[in-house]
Protein chains: 2
Amino acid sequence: MEPIKYLLPDDAIPTAWYNLQADFPEPLPPVLNPGTGQPIGPDDLAPLFADALIGQEVSTERWIEIPDEIRQILAQWRCTPLFRARRLEKALDTPAKIYFKWEGASPCGSHKPNTAVVQAYYNKMQGVKRISTETGAGQWGSSMGMACQFFDLECLVYMVRVSYDQKPYRRALMEAYGATCVSSPSQDTEAGRKILQDDPDCRGSLGIAISEAVEVAAKDEDTKYCLGRVLNHVLLHQTVIGQEAEKQLEMAGDYPDIIIGCTGGGSNFAGIAFPFIGKKLRDGGDLRVVAVEPSACPSLTKGPLRYDFGDTAHLTPLVKMNTLGSTFVPPGFHSGGLRYHGMAPMVSHALKLGLCEATAYNQLESFAAGVQFAKAEGIIPAPEANHAIVGTIHEAQKCRESGEAKTILVNLSGHGHFDMQAYIDYHAGLLRDYEYPEEDIAMALAGLPSFGNE
Amino acid sequence: MEPIKYLLPDDAIPTAWYNLQADFPEPLPPVLNPGTGQPIGPDDLAPLFADALIGQEVSTERWIEIPDEIRQILAQWRCTPLFRARRLEKALDTPAKIYFKWEGASPCGSHKPNTAVVQAYYNKMQGVKRISTETGAGQWGSSMGMACQFFDLECLVYMVRVSYDQKPYRRALMEAYGATCVSSPSQDTEAGRKILQDDPDCRGSLGIAISEAVEVAAKDEDTKYCLGRVLNHVLLHQTVIGQEAEKQLEMAGDYPDIIIGCTGGGSNFAGIAFPFIGKKLRDGGDLRVVAVEPSACPSLTKGPLRYDFGDTAHLTPLVKMNTLGSTFVPPGFHSGGLRYHGMAPMVSHALKLGLCEATAYNQLESFAAGVQFAKAEGIIPAPEANHAIVGTIHEAQKCRESGEAKTILVNLSGHGHFDMQAYIDYHAGLLRDYEYPEEDIAMALAGLPSFGNE
């Protein structure tokens, strides 16, 4: 028998998160106060986030210990399996060895619970009663809902309206976990009311939903805000993925030549890639790391590296990131998790330093790749993950041409069970490729704040 | 850390299927020709089934070797994890130890691929070009679709109309695997046309869909029929579940006092229970085995043990089973996989011999149990599996009362990602408990064939 899966026992769950900030050859630019243009301190973030998470956000320690209570909760689904995609390799007739890390094995079906349970834990320890957050396609909202249920916290989720209407099943999952789910923009908040006044039919965006969730947390001392993407501590929590993958590849007697992940906010990509990038920075090596994003929302490949707000209503501090402009509302393509105007500062910084590269694919070629993957491997991926797959297939095809037996490690960040309408539309020929929305992006970029961007 | 998951490597996939027929204290009653009332032989089944599968259907060998090609394919998802449901135990405040075998880890989300890939394999070996089959909720159809894709066979699925209309996402999954899905009753077949003539609005049933799929196979020599339930060889293929669970419990230092599974056609129940029942028959012991079925379709608890047809149009041979009558169309409750008029002959025989017991729960208490499970463990179960969970919670509560720390092993046969409408309806208070449909069943039973039932 040829081995397909590489499995690790519960007690192999990593005991520390890996922090790439410790190994960056130059430090991450500071986060700025949008009113003064001065670097902010932990105190400025305290109304929104639990203290321990703020500590992790600014830490430059290389390893941050994972409390045993969190490892115990992670064991509900971790370590996730590493698969060798032998059937896909055969279908592609490639000498490349393709390994995928299967984050869809979590109860919510994606990598998102890896950080949701951590954030719920630290908030619970601090006596917080309620978590407010936002969700796009619903993967984060359901993960946060489950995490809050595990730690007996209330959970309030602002869900981007277009997803709220199109994805009742994700909503049902959140509600099964006991979360409250509100369509965003809503009448609950000043930010929501203002947007609805200007545009009652507004389909919503992640940036808007973040504004609502942040506002609620800022105004209620028993409520704190949680974010499932972009922030340093979120990326930190995801590094269990890459650490596990390294051990699993060791079982297989392999080490990656190329690591591939899809990027929306950057967290699943960072989760698999950062431990390997850190190792390369410390020990050297030939690793290539490729971020794959949608052509219709190309923050890494087309967005400049600038200071920008994380949300639409400009309630957040300014962070330096590749951005399409905080007022940019991406077209309605079928990868809700990748529809965000900015990229994680740490991923943006890694790109700038040449520690990774970025590429973009449109949705039709992504879905074609996802269907090819499903036919070969059985698993039907989330539309977001299809971007990682099309990137992988592209690299495997290059190996076929060159005859090189490279080892490719890809993060399969989630399953598509709650996204089947997208597959129906794809098969019915209803999907189209969106043009790069040049004008909208130019307009949104024209509105960038001046601080930090002089 | 308290261990949550017990994992086995790929090469621990069982090397043989276990056949309870070898250990039954009295033999299974023969299958009868409905025209003559005489036992049928393998030749009678040859137009419908691959020869190797017919051989397994009638075999009384204890162990039947699993070809390496099949073990290699099973490795795409097996061995499935065994979980200790520690969080559920705590929520129930029970001294019982609850272990669940997680069959939802397969790419199609249930135990069904365990036999689908085997049936596809043997048909492919025999030169068959196309498989016809039926599906209720869609779990079997998607599994057969994937299996046919793996072995390069065409796949034609007759899907019960009410599910076809209500579950477009299951259909989309089948189509992603390249299967063709037809709403049943259809105009494709004589059986379908006859039923539509009498009742153009017929919502369909598994019995009807089976008639259509069987008819297509009988009339086309390149097509054979596959069934995902009830038959001896189907139950045989599922015994990998129980064999793995036995090894995994050994890792945990435990052995079950009680085994629980939900029963529709009986295959997931048999899969987990039969290897343990066989061991008890050979070596003795105190094991209790509990089959849990829906009150609205109570073949085991209310249906007599009689010879009956497997389908509505009476194209199949007669098998001896607990049956509600082959013309009984169950009410439209939300567990499509449990809406079948009969029970597997081997499960029926085991019940008659006292090797297992049977109990029934209605859908409201099943959903309540499923939601409680999701809140504790994260995983949202299929409505079918909720029946196994309500039975488990009931036993765990008995342990709380008696103070006994019994070991309960339950088969969690699938996830509910494609059944979220049922959870929406449940939370909205739209589900109701169906009365035991006494009159309909009496009428259906009045039509039982006379052969074998004298």
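Residues numbered from 1 in each chain as written. Chains lettered and ligands numbered in written order. Predicted model: local features only at pLDDT ≥ 70, side-chain atom pairs only at ≥ 80, totals over all residues. Heavy atoms only, no water.

Just checking my understanding: could you explain the overall build of chain A for this structure?
The helix and strand tally for chain A stands at 19 helices and 15 strands. Relative to a compact globule of 454 residues, whose C-alpha radius of gyration would be 22 Å, chain A shows 20 Å and is just as compact. Across its three principal directions, the C-alpha atoms of chain A cover 60 × 50 × 50 Å. When each of the 454 residues of chain A is scored for burial, the buried share is 66%. Partitioning the intrachain contacts of chain A with sequence separation of at least 6 by distance along the chain shows that 77% fall at a separation of at least 24. As presented, chain A carries roughly 15000 Å² of accessible surface, and 48% of it is formed by carbon and sulfur atoms. Between the centroid of the 39 positive side chains of chain A and the centroid of its 56 negative side chains there is a distance of 4 Å. (Helix = DSSP H or I, 4+ residues; strand = E, 2+ residues; numbered from the N terminus. Rg over C-alpha atoms; globule rule 2.2 N^0.38 Å. Buried < 20%, exposed > 50% of the residue type's maximum accessible area, 1.4 Å probe, protein only. Contact = heavy atoms within 4.5 Å. Areas by Shrake-Rupley, 256 points an atom, 1.4 Å probe, with all protein chains shown as cover. Lys, Arg positive; Asp, Glu negative; His and termini not counted. Charge placed at Lys NZ, Arg CZ, Asp CG, Glu CD.)

Mind showing me how you'd approach the interface of chain B and chain A here?
Interface size is commonly expressed as the accessible area that is lost once the parts come together. At the interface, 47 residues of chain B touch 47 residues of chain A. For the pairing of chain B and chain A, the buried interface totals around 4200 Å² over both sides, and the portion due to carbon and sulfur atoms is 60%. Linking chain B to chain A there are two salt bridges. Lys5(B) serves as the salt-bridge partner of Asp10(A), at 2.9 Å between the closest nitrogen and oxygen. Remark: the boundary between chain B and chain A carries 20 residue pairs in polar contact (both at pLDDT 80 or more). (Buried area = accessible area lost by both parts, 1.4 Å probe. Salt bridge = Lys/Arg side-chain N within 4 Å of Asp/Glu carboxyl O. Polar contact = N/O pair within 3.5 Å; in protein donor to acceptor, adjacent residues only side chain to side chain.)

Explain the relation of the copies chain B and chain A to me, please; I cannot follow it from the model alone.
The operation relating the two chain copies consists of a rotation about an axis and a shift along that axis. For these two chains of identical sequence, chain B goes onto chain A by a turn of 180 degrees and a shift of 0.0 Å along the axis, with RMSD 0.0 Å. In symmetry terms, the pair is related by a two-fold rotation axis. Among all residues of chain B, the one whose C-alpha sits closest to the rotation axis is His417(B), at a distance of 3.1 Å. The residues that chain B uses at the interface reappear at the interface of chain A in 100% of cases, marking a shared surface. (Least-squares fit on C-alpha atoms with pLDDT ≥ 70 in both.)

Even after reading the chapter, I still don't get the sheet that holds strand 9 (residues 223-225) of chain B, so can you show me in this structure?
Within a sheet, each strand pairs with its neighbour through backbone hydrogen bonds, oriented either parallel or antiparallel. Residue and element names in this part refer to chain B. With parallel pairing, four strands are arranged side by side in an open sheet as 8-7-6-9. Strand pairing shows two members of the sheet lacking a second neighbour, strand 8 (180-184) and strand 9, which therefore form its edges. Strand-to-strand twist in this sheet, taken as the mean axis angle between neighbours without regard to direction, amounts to 25 degrees. Each of strand 6 (130-135) and strand 7 (154-160) touches helix 6 (residues 139-150); the most contacted strand, strand 6, lies at about 165 degrees to it. Of the strands in this sheet, strand 6, strand 7, strand 8 and strand 9 touch helix 10 (residues 206-219), which is tilted by about 170 degrees from strand 6. (Pairing = 2+ DSSP bridges. Axes fitted to C-alpha atoms, helices over the stretch in contact; angles between N-to-C directions.)

Sorry if this is basic, but what is going on with the confidence of the model for chain A here?
In low-pLDDT regions, the fine details of the predicted coordinates are not to be read closely. Taken over all residues, the pLDDT of chain A has a mean of 95, while the share at 70 or more is 100%. Among the prediction metrics, the complex's ipTM stands at 0.96, with pTM recorded as 0.97. (pLDDT = per-residue confidence, 0-100.)

When you look at the nonpolar core in this model, what are you seeing that I'm missing?
When a protein is soluble and globular, its nonpolar side chains tend to lie buried together. Membership of the largest hydrophobic core comes to 278 residues, with the highest contact counts inside it found for Met144(A) and Met144(B). Setting aside residues no more than four positions away along its own chain, Met144(B) makes contact with Ala116(B), Ala120(B), Ile131(B), Thr133(B), Cys155(B) and Cys226(B). (Core = buried A, V, L, I, M, F, W, Y, C linked by side-chain atoms within 4.5 Å.)

Help me understand the environment of Asp222(A), please; the structure alone is not making it clear to me.
Residue and element names in this part refer to chain A. With respect to the element layout, aspartate 222 can be found in the loop between helix 10 (206-219) and strand 9 (223-225). The class of aspartate 222 is partly exposed, set by a relative accessible area of 39%. A C-alpha to C-alpha distance of 36 Å links aspartate 222 and tryptophan 102, two positions 120 residues apart in sequence.

Help me out: how do you make sense of helix 10 of chain B in this one?
One turn of the α-helix equals 3.6 residues, which is why residues spaced by three or four share an orientation. All names here are of chain B. With 14 residues, helix 10 extends 20 Å from end C-alpha to end C-alpha; this agrees with the ideal 20 Å at 1.5 Å per step. Buried residues dominate helix 10, accounting for 12 of its 14 residues. Within helix 10, the full set of buried residues consists of Leu206, Gly207, Ile208, Ala209, Ile210, Ser211, Glu212, Ala213, Val214, Glu215, Val216 and Ala217. Each element contacted by the buried residues of helix 10 is listed here: strand 6, strand 7, strand 8, helix 9 (190-198) and strand 9. (Expected span 1.5 Å × (residues − 1).)

Help me understand the packing of aromatic side chains in this model?
Here the distance between the centres and the angle between the planes together describe a pair of aromatic rings. By the definition in use, this model includes 21 aromatic pairs over all chains. Ring pairs connect the aromatic residues Phe83(A), Phe100(A) and Phe373(A), which therefore count as one cluster. One Lys or Arg, Arg84(B), reaches over the ring of Tyr99(B) and ends 5.6 Å from the middle of that ring. Against the face of Phe150(A) rests Arg87(B), its NZ or CZ located 4.1 Å from the ring centre. (Phe/Tyr/Trp six-rings, centres within 6.5 Å; stacked < 30°, edge-to-face > 60°. Lys NZ or Arg CZ within 6 Å of the ring centre and 35° of its normal.)

Sorry, what's going on with the packing of helix 18 (residues 420-427) of chain A against helix 8 (residues 168-176) of chain B here?
Angle between the axes and distance between the axes are the two parameters that describe a pair of packed helices. Contact geometry of helix 18 of chain A with helix 8 of chain B gives a least axis separation of 9 Å together with a crossing angle of 55 degrees. Between helix 18 of chain A and helix 8 of chain B, the angle falls in the class oblique. Considering only the axes of helix 18 of chain A and helix 8 of chain B, their crossing is left-handed. Contact with helix 18 of chain A, carried on its side by Met420(A), Gln421(A), Ile424(A) and His427(A), involves Pro168(B), Tyr169(B), Ala172(B), Leu173(B), Glu175(B) and Ala176(B) of helix 8 of chain B and no other residues of that element. The class makeup of the residues in the contact of helix 18 of chain A with helix 8 of chain B is seven nonpolar, two polar and one charged. (Parallel < 35°, antiparallel > 145°, perpendicular 65-115°, else oblique. Left-handed = near helix turned anticlockwise from the far one by under 90°. Nonpolar A, V, L, I, M, F, W, Y, C, P; charged D, E, K, R; others polar.)

Would you mind going over the pattern of salt bridges with me for this structure?
Pairing between side chains of opposite charge can happen when the charged atoms of each approach one another. Residues and elements named next belong to chain A. Here the structure, examined in full by the defined rule, presents 40 salt bridges over all chains. As a salt-bridge pair, arginine 78 and glutamate 103 come within 2.8 Å of each other at their nearest N and O atoms. Taken together, the residues arginine 78 in the loop between helix 3 (68-74) and strand 4 (82-84) and glutamate 103 in the loop between strand 5 (97-102) and helix 5 (113-125) connect sequence positions 25 residues apart. The class of arginine 78 is buried, set by a relative accessible area of 0%. Ionic pairing is found between glutamate 395 and lysine 398, a salt bridge with its closest N-O pair at 3.5 Å. Of this pair, glutamate 395 and lysine 398 both sit in helix 17 (residues 383-402), three residues apart, which is roughly one turn of the helix. Look at lysine 398 and you get partly exposed, because its relative accessible area is 37%. Overlapping salt bridges bring together Arg78, Lys101, Glu103 and Glu244 as one network.

Help me out: how do you make sense of the pairing of strand 5 (residues 97-102) of chain B in this one?
Looking down a regular strand, the side chains alternate between one sheet face and the other. All names here are of chain B. Strand 5 sits mainly inside the fold: five of its six residues count as buried. Bridging between strand 4 (residues 82-84) and strand 5 involves three bridges; their strand directions are antiparallel. Each bridged residue has a counterpart across the sheet, and for arginine 84 the counterpart in strand 5 is tyrosine 99. Taken together, the six bridges between strand 5 and strand 15 (residues 407-412) define a ladder with parallel strand orientation. For tryptophan 102, the partnering residue across the bridge sits in strand 15 and is leucine 412.

For this particular structure, what's the right way to read the sheet that holds strand 6 (residues 130-135) of chain A?
Residue and element names in this part refer to chain A. What the four strands build is an open sheet, ordered 8-7-6-9; its pairing is parallel. Only two strands of the sheet have a single neighbouring strand rather than two, namely strand 8 (180-184) and strand 9. On average, adjacent strands in this sheet sit at an angle of 25 degrees to one another, irrespective of strand direction. Strand direction decides the pairing type here: strand 7 (residues 154-160) and strand 8, joined by five bridges, are parallel. Paired with valine 160 across the strands is serine 184, a residue of strand 8. Contacts from helix 6 (residues 139-150) reach strand 6 and strand 7 within the one sheet, and its direction differs from that of strand 6 by about 165 degrees.

Explain helix 18 of chain A to me, please; I cannot follow it from the model alone.
If you check which residues of helix 18 of chain A are buried, you get Met420(A), Ala422(A), Tyr423(A) and Asp425(A). For helix 18 of chain A, the elements touching its buried residues are helix 16 (363-377) and helix 17 of chain A together with helix 8 of chain B. Downstream of helix 18 of chain A by a residue or two, Gly429(A) has a phi angle that is positive, lying close to 75 degrees.

What is the right way to read the side chain of Asp23(A) from this model?
Residue and element names in this part refer to chain A. Relative to the helices and strands, aspartate 23 resides in the loop between strand 2 (16-18) and helix 1 (42-45). What makes aspartate 23 buried here is its relative accessible area of 10%. A distance of 2.5 Å separates polar atoms of two side chains, one belonging to aspartate 23 and the other to arginine 62. Apart from the residues within four sequence positions on either side, aspartate 23 is in contact with Tyr18, Arg62, Gly278, Leu281 and Arg282.

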